[in-house]
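Chain by chain, the residues run as shown.
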Amino acid sequence: MVITKSRLVLGATAVTLSSIAVTSLGIHSRGQALFKPSPKELVDQVWQIVQRQYVDENFNQVNWLAVRKEFLSKDYTSQEDAYASIREMLQRLDDPYTRFMDPEEFKNMQVDTSGELTGIGITISQDEETKQIVVISPIDDTPAFKAGILAKDVIRAINGQNTKGMDTNQAVSLIRGEPGTKVNLTIERDGNVKEFEITRARIEIHPVKYSSQQTPVGKLGYIRLNQFSANASREMQSAIRDLERQRVNGYILDLRGNPGGLLYSSVEIARMWLDRGTIVSTIDRGGEQEREVARGRALTDKPLVVLVDKGSASASEILSGALQDNNRAVLVGSQTFGKGLVQSVRPLEDGSGLAVTIAKYHTPSGKDINKHGVIPDVTVELSDEQRQELWLRQREKLATLADPQFAKAVEVLGKEIAARSLRSSESK
């Protein structure tokens, strides 16, 4: 099967806790399955997909042929038996991003075209080393965001149930629920444990917010990108074109807390800022690289500063890394999350689904950011207390000169605008 770009997702977008469990995957549903395979056939179908596509040809030092023999020697009396065995089989890979979803879970992780979600609004993953459920980022203005959940928070328990070793599907099934109902999360942050009671709600998500702002260095365009969803590139294009009509002198692109999403969305948005150069290289199990490049269709060449932090992950790291490596933007903020894996999401014959890690990605200069993140050019650290104060209790100060990272971005952008003006004068 040909893997289309709309099916490629990045590891850090693992699961968003809502009735649409992953907000940024762009899955194409097959609709009603034509037939339901036997339980054993389903187990083998999953094994075959991993055999063909998994990023590590050594299967993380697992004898994958022996695994097939073991699991096909079992007797299965129901689909549920098969589902349990598939999950057990995939656990042998020790890869939290290669995961099985039963039909209900698969349905719940597909994007609703209306953009309305139901849940608490956080993106989570399982830490590869500790096996703990970790928050990648809360989504702006959602119940989790307003409750004070932060990127890198460790979810120790859900409604009192310990999450150690729990996969993301299990965590989602415990956290999601009907609007108006409550879920209790036990959070560990910097060695301290705190309880959060969060009320689930319906969530409407618009990936792009923008404005023009008068600052000490002139009229600037500010664009906040919350996630790389299917309509993010369209909204970004509209924002840039509108701000160009308003004749802004430069741009601040805010990727703080953006957990990532669709690979093709990050590439399309990078092309709006870059006229030339490599955007990202994806590397499969055979070491073959597929490069995405700019196409000479940038919407603006005006100076650009990108804001990033520890909640900027996967597709955010592709975009910021591409702009940094091509000297198109100056990055301001703190080190990003560090997730550099790509998944292919496959519907299975009985309506269930499978996400398989098929590649890793490198920035244009060849940096592998998995577990390392992207280092900003200008570091401005905020403590968790500062970030909560700014993003929750004094939200009106966000993206103003009272926001330390934004203020530094304005300062840096002012220097870039002045340097551009000087070069232009000297060339005349």
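Residues numbered from 1 in each chain as written. Predicted model: local features only at pLDDT ≥ 70, side-chain atom pairs only at ≥ 80, totals over all residues. Heavy atoms only, no water.

Labelled according to an unreviewed UniProt entry, the protein chain appears under the name Carboxyl-terminal-processing protease, originating from Anabaenopsis elenkinii CCIBt3563. Checking UniProt for the protein chain, the heading Subcellular location (unreviewed entry) contains the comment "Cellular thylakoid lumen". On record in UniProt, under Function (unreviewed entry), the comment for the protein chain is "Cleavage of the 16 C-terminal residues from the D1 precursor of photosystem II (PSII). This proteolytic processing is necessary to allow the light-driven assembly of the oxygen-evolving cluster (a tetranuclear manganese), which is responsible for photosynthetic water oxidation." (UniProt positions renumbered as here; feature names shortened; annotations may be inferred.)

What to know about helix α9 (residues 315-325)
Since there are 3.6 residues in each turn of an α-helix, residues three or four apart along the chain are aligned in direction. With 10 of its 11 residues buried, α9 lies for the most part within the structure. When we look at burial in α9, the residues that qualify are A315, S316, E317, I318, L319, S320, G321, A322, L323 and Q324. Once α9 finishes, N327 follows within two positions and takes phi at roughly 55°, a positive value. (Buried < 20%, exposed > 50% of the residue type's maximum accessible area, 1.4 Å probe, protein only. Helix = DSSP H or I, 4+ residues; strand = E, 2+ residues; numbered from the N terminus.)

Structural notes on the packing of helix α7 (residues 232-245) against helix α8 (residues 263-273)
Where α7 meets α8, the axes come as close as 9 Å, and the angle between the chain directions of the two elements is 15°. As far as their axial angle goes, α8 and α7 are roughly parallel. Note on packing geometry: the crossing formed by α7 with α8 is right-handed. Residues A232, S233, M236, Q237 and I240 of α7 lie in contact with α8, whose contacting residues are S265, E268, I269, M272 and W273. (Axes fitted to C-alpha atoms, helices over the stretch in contact; angles between N-to-C directions. Parallel < 35°, antiparallel > 145°, perpendicular 65-115°, else oblique. Left-handed = near helix turned anticlockwise from the far one by under 90°. Contact = heavy atoms within 4.5 Å.)

What about the side chain of S233?
Relative to the helices and strands, S233 is located in helix α7. Side-chain polar atoms of S233 contact the side chain of E268, separated by 2.7 Å. Those residues within four positions of S233 in sequence are excluded, and the remaining contacts are S265, E268, I269 and M272. (Polar contact = N/O pair within 3.5 Å; in protein donor to acceptor, adjacent residues only side chain to side chain.)

As for the packing of aromatic side chains
Enumeration according to the criterion identifies 6 aromatic pairs in this entry. Relative to W64, the ring of W47 lies with its centre 6.2 Å away and its plane at 5°, an arrangement referred to as stacked. Highlighted residues: W47 in helix α1 (residues 39-53) and W64 in helix α2 (residues 64-72), separated in sequence by 17 residues. Looking at W47, the relative accessible area reads 4%, which means it is buried. Pairing Y251 with W273 gives two aromatic rings, centres 5.2 Å apart and planes at 80°, and the pair type is edge-to-face. Remark: W273 occurs in helix α8 and Y251 occurs in strand β13 (residues 250-254); sequence separation between them is 22 residues. A single burial state applies to Y251 and to W273, both of which are buried. The cationic tip of R68 hangs over the ring face of W47; the distance from NZ or CZ to the ring centre is 5.2 Å. Seen from the ring of F337, K152 lies directly overhead, with NZ or CZ sitting 4.0 Å from the centre. (Phe/Tyr/Trp six-rings, centres within 6.5 Å; stacked < 30°, edge-to-face > 60°. Lys NZ or Arg CZ within 6 Å of the ring centre and 35° of its normal.)

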